[in-house]
Amino acid sequence: MKDQNNPLALKNGDNNFPMTCAWTNYRRLKMTLPQIHLKDFFRGFDKDEDRRLSKQELKNAFDSLGSRCPTWRAMRALQHADANGNGYISDQELDGLVKYSAKHGYE
Ligand SMILES: [Ca+2]
Ligand SMILES: [Ca+2]
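As the structure is a computational prediction, the values presented were derived from the model and not from experiment.

A. Structural view of helix α2 (residues 35–43). Taken as a whole, α2 has its buried residues at L38, F41 and F42. In an axial view of α2, the angular spread of the buried residues amounts to 95°, which keeps them on one side of the axis. Buried residues in α2 make contact with β1 (52–53), α3 (55–64) and α5 (94–103).

Rendered as structure tokens:
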């Protein structure tokens, strides 16, 4: 799994990488980006390119955003933004995800 599109997702493909050393930098970087970029940022985590974000893909995204508990955050984000309840964040549902993320300090 290579990350061609997303310079922020440096540690994807290395799941054993401890997130603690990376998160401060990611966080500082993300703070300067408006929500439109956050949308593109999330899109970059669609690894299987089915144009929707699975729970695992969300987890990777929140991990890169500096969440200390990305699994939990991904679950909460899904509950919040998955409007049709199919377990995936579609492109249309991405706005809700971005709003949720911004509200919780991921922007
Ligand atoms: Ca996907
Ligand atoms: Ca959905």
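Moving on from the model shown.
B. Representation of the nonpolar core within the structure. Of all hydrophobic cores here, the largest spans 17 residues; its most connected members are F42, L58, A61, A77, L78, I89 and L97. Among the elements of the structure, α2, α3, α4 (70–81) and α5 are those that each provide at least two residues to this core. In contact with F42, not counting residues within four places along its chain, are L53, A61, L94 and L97.

C. Fine view of the packing of α3 against α4. One way to put it is that α3 packs onto α4 with a least axis distance of 8 Å and a crossing angle of 120°. The angle between the axes of α3 and α4 places the two elements in the oblique class. As α3 runs across α4, the sense of the crossing is right-handed. For the pair formed by α3 and α4, the contact residues are K55, L58, K59, F62 and D63 on the first element and P70, T71, R73, A74, M75, A77 and L78 on the second. Taken together, the residues that form the contact of α3 with α4 break down as seven nonpolar, one polar and four charged.

D. Local environment of α3. For α3, a buried count of eight out of 10 residues is recorded, marking the element as mostly surrounded by other parts of the structure. Along α3, the positions that sit buried rather than exposed are E57, L58, K59, N60, A61, F62, D63 and S64. Just downstream of α3 lies G66, where phi reads positive at about 100°.

E. Seen up close, the environment of D95. Structurally, D95 can be placed in helix α5. The sequence separation of D95 and L38 amounts to 57 residues, and the corresponding C-alpha distance is 9.7 Å.

F. Representation of the packing of α4 against α5 in the model. Remark: α4 packs on α5, axes separated minimally by 9 Å, with the N-to-C direction vectors making an angle of 130°. One finds that α4 runs oblique with respect to α5. Here the hand of the crossing between α4 and α5 comes out right-handed. Together, A77, H80 and A81 of α4 and G96, L97, Y100 and S101 of α5 make up the contact between the two elements. Among the residues forming the contact of α4 with α5, the class breakdown is four nonpolar, three polar and no charged.

The rules we used
Residues numbered from 1 in each chain as written. Chains lettered and ligands numbered in written order. Predicted model: local features only at pLDDT ≥ 70, side-chain atom pairs only at ≥ 80, totals over all residues. Buried ≥ 20, exposed ≤ 12 C-beta atoms within 10 Å, placed from the backbone. Helix = DSSP H or I, 4+ residues; strand = E, 2+ residues; numbered from the N terminus. Arc of directions from axis to C-beta. Contact = placed C-beta atoms within 7 Å. Core = buried A, V, L, I, M, F, W, Y, C linked by C-beta atoms within 7 Å. Axes fitted to C-alpha atoms, helices over the stretch in contact; angles between N-to-C directions. Parallel < 35°, antiparallel > 145°, perpendicular 65-115°, else oblique. Left-handed = near helix turned anticlockwise from the far one by under 90°. Nonpolar A, V, L, I, M, F, W, Y, C, P; charged D, E, K, R; others polar.

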